[in-house]
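Chain residues, written in single-letter form:
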Amino acid sequence: MRQPVGERIRVLIIDDVAETRENLRKLLSFDADIKVVGAAASGPEGIELAKQFQPHIVLMDINMPGMDGITATEVLLREVPTAQVVMLSVQGETDYLRRAMLAGARDYLTKPPSGDELMNTIRRVYETGKTRAAMIAPVQPAAHVTVPGEGRRALREGDIIAVFSPKGGAGCTTIAVNLAIALQQMVGSGQKVALMDTNLQFGDVGVMLNLQASRSIADLVPQIDDLDGDMLGSVLTPHGSGIKVLLAPPHPEAAESLLLSTSSDEGGGGNSALGAILRLMREEFNIIVVDMWSWIDDIALTVFDAAALIVLVVAPNIPAIKSARLFLEVAERLHYPMERIALVVNGVDRRLGIRVEQIEQAMIPVAVQIPLDERSAVAAANRGVPLIMRDRNRPISQSILRLAKYVCSKLSEAEEGEEEQGEAPAVVRETGGTGLLRLRQAFER
Ligand SMILES: Nc1ncnc2c1ncn2[C@@H]1O[C@H](COP(=O)(O)OP(=O)(O)O)[C@@H](O)[C@H]1O
Ligand SMILES: [Mg+2]
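Remember, it's a predicted structure, so these values are computed and weren't measured experimentally.

Q: Please provide a residue-by-residue account of the overall build of the protein, values included.
A: Within the protein, the regular secondary structure consists of 17 helices and 15 strands. Put simply, the protein has 445 residues, and 54% of those count as buried. Of all intrachain contacts in the protein linking residues separated by at least 6 positions in sequence, the fraction that spans at least 24 positions is 73%. Summed over all atoms, the accessible surface of the protein reaches about 20,300 Å², with 51% contributed by carbon and sulfur.

Take a look at the structure:
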C-alpha cells in the first residue's frame, strides 16, 4: 500500500529525550512513504514546528517537563487542526491516556514501539484523517452541511440522537455504534462524541465494540445528586475510534437502581436519574448517540424528550412497518415534530421484502436506506469491530456514512432555526407530566 508519489506522510516528533527522538527517526527512515519533517524537545518548540511544517502526524510524548503532552496536544490542535496526534506513553499511564484522548489525540503507542506498530499506527491514523477531511470538505459548500455548533459550541449543549426501533433486532445497536463513530470522524477531534447504551438490562454496545469495561451507567446512581464531569469521566469507557461510551450495567439486576432512583435536580427531563445523566452528558459532549431498547417506557420517553433527532429504524417487512407506524402515531400525540424523526430502513434487499417507495407511502420519507449485508454485520458484531472500521468501502458502511452526513445537516438546520427563534433543540420543549402518565394522557386527549 504505497502512497502516490508526492504525498509522503509528514511526521513530527515531540519528545524531551534525545535518544527517543533519534530511535523514532531511525525506525521511520526505513519507510519511504514517511518523512520526518522535524523533531522537538518540548511542547512549545513542537507547536512552533507544527505551525511551520503542517505535519500530518505528530508523535507526542505524554510525559515531558514543562508543558506536558496533553496540554501540548490541545494547543497544537488549536493551531494546526489538520494534524493527527499519536501519543507515546510508558506502560501504566492509562489515566493520562484517557485525558490525552479527550484532548484530541487519535491513538497511542506504548514505548518503545516496534517498527511495525509505529508504521501501522501512523498509516492508519493518516488514512482516517484523510478520509475525514475528504468527507467534510466537498459537502460543505454544496449542501450547506456545517459541523454543528462549530465556533460557538461552548455556549450550547450537546445534541442527543436517539436510535430507536419498536421491534427488537432491527439493527439499532449496529446503527448507533457505527453512527457514533462516523460522526466522530466527521466532526474531528475538536468535538466530542459519546455513545450511550440505555438497554439497561441487556445492553450490548460493549460487546459490539469489544470493550472490557468495569464501569457502567449504574455506577453513577449512588452519586446522582452530585454528578460532575470528573465523575462521569471515570465511568466512561474510551474506544479506539475516539468516542466515549457510557455502557449499560453488566448485570440485568443493576438496571433497577437506575429505574428507581431520582435526582433532586429537576431540570429539563424531569427528576429521573437518567434525566440528570442526560443533562450532564449534554454539558460534556457535543453529540450523544443513544442506543435504545424497543420499548416505550419512562427511560425511552426521557431520552425522546431530550433528543434533537430520533433515528427510527425499521426493517422492510409488514410487522416492522406496522409497529413503526404506531410509533409515529405516539410521536404525533406527544407533539414530537415529524421533521425531527429520521426514518431509516435497515436490511434492504432488492430481491425480497417491501420496496422503499411502499414504505414511504405508508409512513414518512425515508432518510437513508441501509442494505442487507449479513456477512459484514454478523462478522462485525462477532469480532467487536464496527462495520465502518472494518471496511468503510462496503455499501453497508457507506450508507451509515450517509446517515452521519444526514444527521449533521439536520443538526445544523436545527441550530439555525434555534438561532432565529432562540429555542432549545429538543424534540419536546415542554414536558407536561412525566413518562408513561403523559403517554396515557396523550391518548386520552
Ligand atoms: N443491514 C444489516 N444487514 C444484515 N444484518 C444486519 C444489518 N443490521 C444489523 N444486522 C444484524 O442484525 C442483528 C441485530 O442487530 P442489532 O443491531 O443488535 O439490532 P437491535 O439493537 O435493534 O436489536 C445483528 O446480528 C446484526 O449483526
Ligand atoms: Mg440492541
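Picking up after the structure, the text goes on.
Q: Describe in detail the pattern of salt bridges, supporting the description with residues and values.
A: Across all of its chains, the model carries 14 salt bridges by this definition. Ionic pairing is found between Glu-48 and Lys-51, a salt bridge with its closest N-O pair at 3.4 Å. Linking Glu-48 with Lys-51, this pair stays in helix H2 (residues 43-53), spanning three residues, or about one helical turn. Of the residues examined, Glu-48 reaches a relative accessible area of 45% and is grouped as partly exposed. Judged by its relative accessible area of 35%, Lys-51 is partly exposed. Through salt bridges that share partners, Asp-15, Asp-61 and Lys-111 make up one connected network.

Q: Could you give an account of the site of ligand 1, naming the residues involved and the relevant values?
A: As a structural note, the neighbourhood of ligand 1 is formed by 18 residues, with Gly-169, Cys-172, Thr-173, Thr-174 and Asn-346 the closest of them. Here an oxygen atom of ligand 1 and a backbone polar atom of Cys-172 are 2.8 Å apart. A distance of 2.9 Å separates a nitrogen atom of ligand 1 from a polar atom in the backbone of Pro-371. Surface burial for ligand 1 is 79%, taken as the share of its 560 Å² of free accessible area covered by protein chains. Among the secondary structure elements, those contributing two or more residues to the shell around ligand 1 are helix H6 (172-187), strand S14 (341-348), strand S15 (366-371) and helix H14 (374-383).

Q: Describe the packing of H2 against helix H3 (residues 69-79), naming the residues involved and giving the relevant values.
A: Where H2 meets H3, the axes come as close as 10 Å, and the angle between the chain directions of the two elements is 20°. One way to sum up the angle between H2 and H3 is to call them roughly parallel. Crossing angle aside, the handedness with which H2 passes H3 is right-handed. In this structure, H2 contributes Gly-43, Gly-46, Ile-47, Ala-50 and Lys-51 to the contact, and H3 contributes Ala-72, Val-75, Leu-76 and Glu-79.

Q: Before we move on, could you go through a negative patch on the surface and cite the residues and values that matter?
A: Together, Asp-225, Asp-226, Asp-228 and Asp-230 make up a region of like negative charge exposed at the surface. If you trace the backbone, Asp-230 turns up in helix H8 (residues 229-235). Its relative accessible area of 67% is what places Asp-230 among the exposed residues.

Q: Kindly report on the packing of aromatic side chains, identifying the contributing residues and their values.
A: One pass over the full model with this rule turns up five aromatic pairs. Ring centres of Phe-164 and Phe-327 lie 5.0 Å apart, and the angle between their planes is 35°; on these two criteria the pair is classed as tilted. Of this pair, Phe-164 sits in strand S6 (residues 159-164) while Phe-327 sits in helix H12 (residues 318-333), and the two are 163 residues apart along the sequence. Here Phe-164 matches Phe-327 in class, with each residue buried. When the centroid spacing of 6.0 Å and the interplanar angle of 65° are considered together, the rings of Phe-304 and Tyr-336 count as edge-to-face. Here Phe-304, found in helix H11 (residues 298-306), pairs with Tyr-336, found in the loop between H12 and S14; they are 32 residues apart in sequence, far enough to count as distant. Across the pair, Tyr-336 and Phe-304 agree in class, each one buried. Linked through ring pairs, Phe-164, Phe-304, Phe-327 and Tyr-336 together constitute an aromatic cluster.

Q: Any chance you could break down the environment of Ser-189 for me, citing the residues and the numbers?
A: Within the secondary structure, Ser-189 is located in the loop between H6 and strand S7 (193-197). Taking the C-alpha atoms as reference points, Ser-189 and Thr-82, separated by 107 residues in sequence, lie 9.8 Å from one another. The contacts of Ser-189, once residues within four sequence positions are left out, are Leu-77, Gly-104, Arg-106 and Gln-184.

Q: Quick rundown of the sheet that holds strand S8 (residues 237-238)? Include the residues and the values.
A: If you walk across this open sheet you meet the eight strands as S8-S9-S7-S12-S6-S13-S14-S15, and the pairing is mixed. Both edges of this open sheet fall to S8 and S15, since each of them pairs with a single strand only. Where helix H10 (residues 273-284) meets the sheet, its contacts fall on S6, S7, strand S9 (244-246) and strand S12 (287-291), and the angle it forms with S7 comes to roughly 165°. Along the sheet face, H12 touches S6, strand S13 (307-314) and S14 and points at about 160° away from the line of S13.

Q: Before we move on, can you summarise the pairing of strand S4 (residues 84-89) with the specific residues and values?
A: In terms of burial, S4 is a largely internal element, six of the six residues being buried. Going residue by residue along S4, you find Gln-84, Val-86 and Leu-88 tucked away on one face and Val-85, Met-87 and Ser-89 tucked away on the opposite face as well. Sheet analysis places strand S3 (residues 57-61) next to S4, joined by five bridges and oriented parallel. Bridging from a neighbouring strand, Ile-57 pairs with Gln-84 of S4. Assessed by its sense of winding, the connection that carries the chain from S3 through H3 to S4 is right-handed. Across four bridges, the pairing between S4 and strand S5 (residues 107-110) is parallel. Paired with Ser-89 across the two strands is Thr-110, which belongs to S5.

Q: An account of the packing of H10 against H11 is needed here, citing residue identities and associated values.
A: Relative placement of two packed helices is described by the angle separating their axes and the distance separating the axes. Viewed as axis vectors pointing N to C, H10 and H11 meet at an angle of 30°, and their least axial separation amounts to 10 Å. As far as their axial angle goes, H11 and H10 are roughly parallel. Judged by the sense of rotation from one axis to the other, the crossing of H10 with H11 is right-handed. Listed contacts from H11 to Leu-274, Gly-275, Leu-278 and Arg-282 of H10 are Ile-299, Thr-302, Val-303 and Ala-306. Of the residues in the contact of H10 with H11, the class split is five nonpolar, two polar and one charged.

About the criteria used
- Residues numbered from 1 in each chain as written.
- Chains lettered and ligands numbered in written order.
- Predicted model: local features only at pLDDT ≥ 70, side-chain atom pairs only at ≥ 80, totals over all residues.
- Heavy atoms only, no water.
- Helix = DSSP H or I, 4+ residues; strand = E, 2+ residues; numbered from the N terminus.
- Buried < 20%, exposed > 50% of the residue type's maximum accessible area, 1.4 Å probe, protein only.
- Contact = heavy atoms within 4.5 Å.
- Areas by Shrake-Rupley, 256 points an atom, 1.4 Å probe, with all protein chains shown as cover.
- Salt bridge = Lys/Arg side-chain N within 4 Å of Asp/Glu carboxyl O.
- Near = heavy atom within 4 Å.
- Polar contact = N/O pair within 3.5 Å; in protein donor to acceptor, adjacent residues only side chain to side chain.
- Axes fitted to C-alpha atoms, helices over the stretch in contact; angles between N-to-C directions.
- Parallel < 35°, antiparallel > 145°, perpendicular 65-115°, else oblique.
- Left-handed = near helix turned anticlockwise from the far one by under 90°.
- Patch = residues over 30% accessible without salt bridge, like charges linked within 9 Å, V, L, I, M, F, W, Y side chains within 5 Å.
- Lys, Arg positive; Asp, Glu negative; His and termini not counted.
- Charge placed at Lys NZ, Arg CZ, Asp CG, Glu CD.
- Phe/Tyr/Trp six-rings, centres within 6.5 Å; stacked < 30°, edge-to-face > 60°.
- Pairing = 2+ DSSP bridges.
- Right-handed = clockwise from strand over helix to strand, strands pointing away.
- Nonpolar A, V, L, I, M, F, W, Y, C, P; charged D, E, K, R; others polar.

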